[in-house]
Each structure stands twice: as C-alpha cells, then as structure tokens.
Amino acid sequence: MYSTKYVKAKDLSIAASIVTDAEDGKFLAGGMTLIPTMKQRLASPDCLVDLAGCGLTGIEDEGATIRIGAMSRHVDVAESAVIQREIPAIAGLASQIGDRQVRNRGTIGGSLANNDPSACYPSALLGLGGTIHTQNRSIVAEDFLTGMFETDLDEEEIIIAISFPKPDKAAYVKFPNPASRYAMVGVFVAKFPDEVRVAVTGAGEDGVFRASNLEAALNENFNAEAIVDGSVSSDDLMSDIHASAEYRAHLIGEMTRRAVVACE
Amino acid sequence: MTNISMNVNGNGLTHEVPDNTLLVTFLRETLGLTGTHVGCDTSQCGACIVHLNGESVKSCSLFAAQVDGAEVTTIEGIANGDKLHPMQLAFHENHGLQCGFCTPGMVMSAIELVTKNKDLTEREIREGLEGNICRCTGYHNIVKSIQDAAVKMS
C-alpha cells in the first residue's frame, strides 16, 4: 500500500475541511471496500479522514419514514428492531451483505457513497425512493445515483443519514456471486399505495436502475405470474466472467418473481 | 506516524505506527502475536480474524489507527493460562483442523457465533462461517467442533 495520512475527525466540518485541503483526500467509513482497494493500489488517497468519531449513528422511526445514520453498520441495520418491524426488507438485505466480519464493519453510508454496481444497498435506496441527507442538502435517490461508482456527492460532501419511506410491502432477493457475495442480480420490489417500484442491482452497465416494464406489469397485477419469461431485455446489461447479459436478464425476471412472492 | 493505545489480550499498550499500518501487521510484526494469520490478504479467507470490542473483524482490512482506544482479542488471548478455551478444546477433540492455517480465524469466528446465539443449528453455523475459508476443506469437523463447543459453553 502507498503511504497515506490518517486522521480521525472529531466533527463534520473538520472532516470536510481536511479533505478539501488535501490533494486527494477520501472519507473513510467502514473501509470494507476502500482499504482492500488501497491494498491493491487501485486507490491511493494521500489522506484518509475517518468519520467514526463524527456520530452519524442511530436509527429512528420518523412516522412515514425510517432514518438511518450513515455510519450504521450492516449488522446494526440487520439487527435493528425498528427496521425489522417497519421495513424488514432492509434488515434482510443488510443481513446478506458480504460475511459477518464485513457486516461488523461496513456501513450503509459507505456503501451508498461508493455506489458499486453490484452492491445491495443502492437497490433499496432506489426501490424505496429514499433520500440521502448530507451536511448541506437532501438528495432524492434518482438524483443521487448518477452511474456506476458515481454519485451526485461533491468532494467534501458527507452523507450523514438516509431516510426511507415505509412501503406497504417490500422484499429484496438476490442471486449472490458465491465467492464475493455481491449480487450477480439483486432485485428490490416495493409496493406503495400509488405505485410499485422495482430496482435492479448487479446487472446494469450504468449501475442500479428501475425496471420500468416490470413495474408496469406489477402495477397492473401485483403477482409473480405478471412477470412473463422474456420480459426483460439484455440490452445495457453487464456481461462478464460470472454471467452473460442474457443470463442476467433471465435472473432479473426470476428474482423479481421471488421478491413479489416474498412480499405476500 | 500516529500514536495508538489499545488493550490487546488484557494488556494496555501504546505505540507509534506509520498511518498505513494494518491491524494484522501491528499484531504480528510489532507485538509478535503471530497466531493471527494472513491468508489471502484480500479480506476473503478469514485467517486474520480477531475480536474488536467482542466482535469478529478481519484484521487485514483495518488500520491499526482505526482501533485506537479499543479492546482487541487474538487467538493468544482466549485460553486461561494452560486451560484451553472451550472452543479450542472442541477443535482439538473433534479434529477440527487439518493443516491448521485457518484455525485461529475459525476459532475466533466461532466464538462470536456461539456467544451471540447458543442454539445454533448446523445451517446457521455453516452460514456463520461464510467469511472463513479452509483450503483443506475440513468443514465437517469444524462444524462438529463448534456444535460441541456450543454445548460446553452453554
């Protein structure tokens, strides 16, 4: 690993100013992606600002929404009584990320800021139509997720919390890559009084996306049978050593069916 | 360089380390606690698992500076003098190891599993070991050891 400077910031304004002043500063949350990436020399920030001392934890029921502090770890989300009661699909999603040791360190804010095209959380953010709160502003999911590994965050902007509206029903089903546990395809289905939303991770060439034709079918008839074979196009889907675009297209349909069944 | 203080296996200590020192490097090379192994070094295999404030973490994917002020337990810190920890004893009695390289991580992982859930099913044990890889593929006896230890620890 290249040498780097490590600072544990005491508050958000200090954290932001250190990153602004550094040549290539990065915020460090759980580090479950960033540190392995630095070890492989795929990233070489000259300064790391650890957000662990800035608070940013806590999970609150706000009535129509659940608000999750950005530094909440996957294990905190998976085991939260509030989330298990109000949006169990998010708790279930968190319990399937990586392995136990990754869940003991990795955070929801870190995962969303990284916006890995195969990560689980972006599908919950987009599927539920959640909102990202930073120290400066609130950003709705569609505006926040701008592409593969890309978000609308400015360089010195820090996610402080994420709020998720409570759906009538929701479920997340993924087909994990057996080695990495990342989603080869993951589908988050959320049913609200006025609409059904379907967000797909692990498959899109531009990262997580909403499957509008599946949404239309499920708005018509919220039943697994509404998803017919061949209804997902392989255009704009990833093709790699793990799966072809055609196979991913098939998995999107199947994972959506399973998610709809899991909603019942 | 950063000054770090932590409690490792019950001993408080303070050291100055380069900022990019990984926890596993600090444990092995600075403190000489070589029971914690580096297997894959890419946070897949779990040979480097230690407990951080009672929870299992992969010490190859943490900076020593991040755990400043924390309590760390390694495989060297779980026995009571000459008396093995019930998990170590169970691995010994059930032949829960072949080459032994993954064993420290397996034991540390297993202790957290059993501590958090005493009524573990075999499936829960296998799923709970997702972050540990045994290249000898000796999983059957590892699972058996953990089931045995769960009884002894309850």
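Residues numbered from 1 in each chain as written. Chains lettered and ligands numbered in written order. Predicted model: local features only at pLDDT ≥ 70, side-chain atom pairs only at ≥ 80, totals over all residues. Heavy atoms only, no water.

## Structural notes on the pattern of salt bridges
Now for step 1: Overall, the coordinates contain 27 salt bridges over all chains when judged by the stated rule.
Now for step 2: Between A:R73 and B:E55 there is a salt bridge whose closest N-O contact spans 2.6 Å. Residue A:R73 is located in the loop between β5 (65–69) and α3 (74–79), and its partner B:E55 is located in strand β4 (residues 55–58); the two belong to separate chains.
Now for step 3: The class for B:E55 is buried, based on a relative accessible area of 19%.
Now for step 4: A:E86 is the partner of A:R85 in a salt bridge, and the nearest nitrogen-oxygen pair spans 2.9 Å.
Now for step 5: Judged by its relative accessible area of 53%, A:R85 is exposed.
Now for step 6: Note on A:E86: relative accessible area 23%, which makes it partly exposed.
Now for step 7: The network of salt bridges with shared partners includes A:R73, A:D76, A:R100, B:E55, B:E112 and B:K116. (Salt bridge = Lys/Arg side-chain N within 4 Å of Asp/Glu carboxyl O. Helix = DSSP H or I, 4+ residues; strand = E, 2+ residues; numbered from the N terminus. Buried < 20%, exposed > 50% of the residue type's maximum accessible area, 1.4 Å probe, protein only.)

## Observations concerning the packing of aromatic side chains
All names here are of chain A.
Now for step 1: For the structure shown, the criterion picks out two aromatic pairs over all chains.
Now for step 2: On the numbers, 6.4 Å between centres and 85 degrees between planes, the contact of F175 with Y247 is edge-to-face. Taken together, the positions of F175 in strand β11 (residues 169–176) and Y247 in helix α11 (residues 245–263) put the pair 72 residues apart, joining distant regions of the chain.
Now for step 3: The class of Y247 is partly exposed, set by a relative accessible area of 33%.
Now for step 4: Over the ring of F222 we find K191; its NZ or CZ atom is 5.6 Å from the centre of that ring. (Phe/Tyr/Trp six-rings, centres within 6.5 Å; stacked < 30°, edge-to-face > 60°. Lys NZ or Arg CZ within 6 Å of the ring centre and 35° of its normal.)

## Points about the domain arrangement of chain A
Residue and element names in this part refer to chain A.
Now for step 1: Parsing chain A into structural domains produces domain 1 (5–50), domain 2 (59–165) and domain 3 (169–263).
Now for step 2: Between the C-alpha centres of domain 1 and domain 2 the distance comes to 20 Å.
Now for step 3: Together domain 1 and domain 2 conceal approximately 930 Å² of surface at their shared face, both sides included; 72% is due to carbon and sulfur atoms.
Now for step 4: The tally of links between domain 1 and domain 2 comes to zero salt bridges.
Now for step 5: Seen at the junction of domain 1 and domain 2, the total is zero residue pairs in polar contact (both at pLDDT 80 or more).
Now for step 6: For the side of domain 1 that touches domain 2, the element with the most residues is helix α1 (residues 12–21), which contributes five residues.
Now for step 7: The residue inventory of the side of domain 1 that touches domain 2, partitioned by class, reads seven nonpolar, three polar and no charged. (Domains from an automatic or database assignment. Buried area = accessible area lost by both parts, 1.4 Å probe. Polar contact = N/O pair within 3.5 Å; in protein donor to acceptor, adjacent residues only side chain to side chain. Nonpolar A, V, L, I, M, F, W, Y, C, P; charged D, E, K, R; others polar.)

## Brief notes about the sheet that holds strand β3 (residues 49–52) of chain B
Residues and elements named next belong to chain B.
Now for step 1: Reading across the sheet, the five strands line up as β2-β1-β5-β3-β4 and stay open at both edges, with mixed pairing between neighbours. The sheet is open, and its two edges are formed by β2 (11–17) and β4, each paired on a single side. Averaged over all adjacent pairs, the angle separating strand axes in this sheet is 40 degrees, with direction ignored.
Now for step 2: This element, helix α3 (residues 103–116), spans β3, β4 and β5 (71–73) of the sheet and lies at about 40 degrees to β3. (Pairing = 2+ DSSP bridges. Axes fitted to C-alpha atoms, helices over the stretch in contact; angles between N-to-C directions. Contact = heavy atoms within 4.5 Å.)

## Observations regarding the interface of chain A and chain B
Now for step 1: Between chain A and chain B, the contact holds 31 residues from the first and 28 residues from the second.
Now for step 2: With both sides pooled, the region where chain A packs onto chain B buries about 2200 Å², and carbon together with sulfur makes up 49% of that total.
Now for step 3: Ranked by residues supplied to the side of chain A that touches chain B, first place goes to helix α2 (residues 34–39) of chain A with four residues.
Now for step 4: Grouping the amino acids of the side of chain A that touches chain B by side-chain chemistry returns 12 nonpolar, eight polar and 11 charged.

## Observations regarding the state of the cysteines
Working definition: the covalent bond between the sulfur atoms of two cysteines is a disulfide.
Residue and element names in this part refer to chain B.
Now for step 1: On inspection of all chains with the given rule, the structure shows zero disulfides over all chains.
Now for step 2: C134 supplies the cysteine sulfur nearest to C102, a cysteine that is in no disulfide, at a spacing of 4.1 Å.
Now for step 3: Relative accessible area serves as the criterion here: at 12%, C102 is assigned to the buried category.
Now for step 4: Note on C136: no disulfide assigned, nearest cysteine sulfur contributed by C99 at a separation of 3.7 Å.
Now for step 5: The exposure class assigned to C136 is partly exposed, which follows from its relative accessible area of 26%. (Disulfide = S-S within 2.5 Å.)

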